[in-house]
Amino acid sequence: MNAKILETENVTVSFDGFKALNQLNFSMDLGELRVVIGPNGAGKTTFLDVITGKVQPTVGRVLFKGKNLRSLPEHQIARLGIGRKFQTPRIYLNLTPRENLEITSNRNKNAFSTLFGRPHAAEKNSIKGLLETIGLSLKADIPSKLLSHGEKQRLEIGMLVAQSPDLLLVDEPVAGLTDEETYNIGELLLALAQSHSILVIEHDMEFVRQIARKVTVLHEGSVLCEGSFEEVQNDSRVIEVYLGKQQD
Ligand code: ADP
Ligand code: MG
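Quick summary incoming for the structure in this document. Please read all numbers here as calculations on a predicted model, not as lab measurements. (Residues numbered from 1 in each chain as written. Chains lettered and ligands numbered in written order. Predicted model: local features only at pLDDT ≥ 70, side-chain atom pairs only at ≥ 80, totals over all residues. Heavy atoms only, no water.)

The full set of residues close to ligand 1 is Phe15, Phe18, Ala20, Pro39, Asn40, Gly41, Ala42, Gly43, Lys44, Thr45 and Thr46. In this structure, glycine 41 approaches ligand 1 through a main-chain N or O atom, which is 2.8 Å from an oxygen atom. Between ligand 1 and glycine 43 there is a distance of 3.0 Å, counted from an oxygen atom to a backbone nitrogen or oxygen. Considering ligand 1 on its own, with 570 Å² of exposed area, one finds that the protein chains cover 58% of that surface. Of all elements in the fold, only strand S2 (18-29) and helix H1 (44-52) reach the threshold of two or more residues within the shell around ligand 1. Residues that form the shell around ligand 1 fall into these classes: five nonpolar, five polar and one charged. (Near = heavy atom within 4 Å. Polar contact = N/O pair within 3.5 Å; in protein donor to acceptor, adjacent residues only side chain to side chain. Areas by Shrake-Rupley, 256 points an atom, 1.4 Å probe, with all protein chains shown as cover. Helix = DSSP H or I, 4+ residues; strand = E, 2+ residues; numbered from the N terminus. Nonpolar A, V, L, I, M, F, W, Y, C, P; charged D, E, K, R; others polar.)

So, in structure tokens, the structure goes:
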């Protein structure tokens with residue numbers, strides 16, 4: 001059996017009696033790239049909130065690498081190795097992409113190495129590699145405010161990776177992007193998936209088709225079905241609650 005990076009057991013989240021998550025059972029293997037889809041209000045964002053500790057389960061538990069996350073504050077869960085990318089980029093616009101990546105990776109070093117300013121050779125190399133991975137080598141030294149929306153999204157994914165999390169949570173990374181930028185984000189996530197466990201929440205079905213291995217469909221706070229993109233796309237329950245609506 002494969003090691004699990006993430007499991008939820010019977011997780012229910014009630015907001016004044018309304019169940020945003022309803023007895024949710026989910027598990028994902030170490031090293032997996034998983035896409036979670038579902039109609040608006042299905043509970044996708046709440047699912048990420050309950051993993052990162054922003055919201056506590058009313059019932060049930062969340063396990064990260066087998067460890068129960070109950071009652072841990074958000075910053076401690078982040079430190080255990082869960083990184084989250086929010087929908088809107090949170091980068092320093094006046095700094096260059098290279099500087100943004102340097103700051104993020106420095107934040108994780110001990111105070112001693114940060115005190116002595118300049119990044120070491122090894123770190124410079126890893127930032128150079130990361131700039132290549134996110135496709136920003138040629139724009140590494142211009143102010144980040146000059147980047148396109150898609151480039152900013154890629155930079156922020158790079159900043160997430162610079163923190164070396166074991167699990168990357170990515171919420172709707174292609175909302176508002178052009179087709180070309182969407183494709184680039186897809187290729188970036190596929191490249192990162194070779195060395196990371198990644199959970200992506202997404203709405204855009206073309207994008208899901210591009211990156212999906214295993215897809216989980218959420219509906220009314222529970223797993224409706226799971227499988228390959230083709231299996232999920234042809235499932236009559238999914239067509240009814242989700243794809244059907246989109247094709248109208
Ligand atoms: P999705 O991301 O799939 O669109 P959400 O997880 O944002 O869905 O929301 C699931 C349901 O829970 C929605 O009906 C939403 O209105 C409700 N909900 C989410 N957060 C709260 C909250 N803090 N208080 C009350 N209801 C909430
Ligand atoms: Mg959402």
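Once you've had a look at it, read on.
For valine 55, the position within the fold is in the loop between H1 and strand S4 (59-64). On the basis of relative accessible area, valine 55 is assigned to the buried category, the value being 16%. Along the backbone, valine 55 and glutamate 74 are 19 residues apart, and their C-alpha atoms lie at a distance of 9.2 Å. Those residues in contact with valine 55, other than ones at most four positions away along the chain, are Val13, Asp49 and Val50. (Buried < 20%, exposed > 50% of the residue type's maximum accessible area, 1.4 Å probe, protein only. Contact = heavy atoms within 4.5 Å.)

Since one α-helical turn is 3.6 residues long, residues separated by three or four positions face the same way. For helix H7 (residues 179-192), with 14 residues, the first-to-last C-alpha span of 20 Å sits near the 20 Å given by 1.5 Å per residue. Residues of H7 that are buried: Glu181, Thr182, Ile185, Gly186, Leu188, Leu189, Leu190 and Leu192. (Expected span 1.5 Å × (residues − 1).)

With that settled, the discussion passes to the pairing of strand S1 (residues 4-15). Note that S1 and S2 share eight bridges and pair antiparallel. Counted as the bridge partner of phenylalanine 15 is phenylalanine 18 from S2. Remark: two residues form the turn of the hairpin made by S1 and S2, two consecutive strands paired antiparallel; aspartate 16 in that turn has positive phi of roughly 50 degrees. (Pairing = 2+ DSSP bridges.)

Across all of its chains, the model carries two cavities of 30 Å³ or more by this definition. In this structure, the largest cavity spans a volume of roughly 60 Å³. Taken together, Val50, Gly53, Val55, Gln56, Pro57, Gly60, Arg61, Val62, Asn68, Leu69, Arg70 and Ile77 form the lining of the largest cavity. Element by element, the count of residues in the lining of the largest cavity is highest for S4, at three residues. The residue inventory of the lining of the largest cavity, partitioned by class, reads six nonpolar, four polar and two charged. (1 Å grid on protein atoms, 1.4 Å probe; cavity = no way out; pocket = protein on both sides within 12 Å on 5 of 7 lines; lining within 4 Å. Points joined across faces, edges and corners; volume = space filled by probe spheres on them.)

All right, on to the sheet that holds strand S8 (residues 197-201) then. Strand pairing in a sheet relies on backbone hydrogen bonds, with the paired strands running either antiparallel or parallel. Here we have six strands laid out as an open sheet, ordered S6-S7-S8-S3-S9-S10, and mixed in their pairing. Of all strands in the sheet, those bounded by a partner on one side alone are strand S6 (82-85) and strand S10 (222-227). Strand-to-strand, the axes of this sheet are offset by a mean angle of 20 degrees, without reference to chain direction. With respect to the sheet, helix H6 (residues 149-162) is in contact with S6 and strand S7 (167-171), its orientation differing from that of S6 by roughly 170 degrees. (Axes fitted to C-alpha atoms, helices over the stretch in contact; angles between N-to-C directions.)

Pairing is antiparallel in the open sheet, where four strands are placed in the order S2-S1-S4-S5. Edge positions in the open sheet fall to S2 and strand S5 (67-68), since each of these has one partner strand only.

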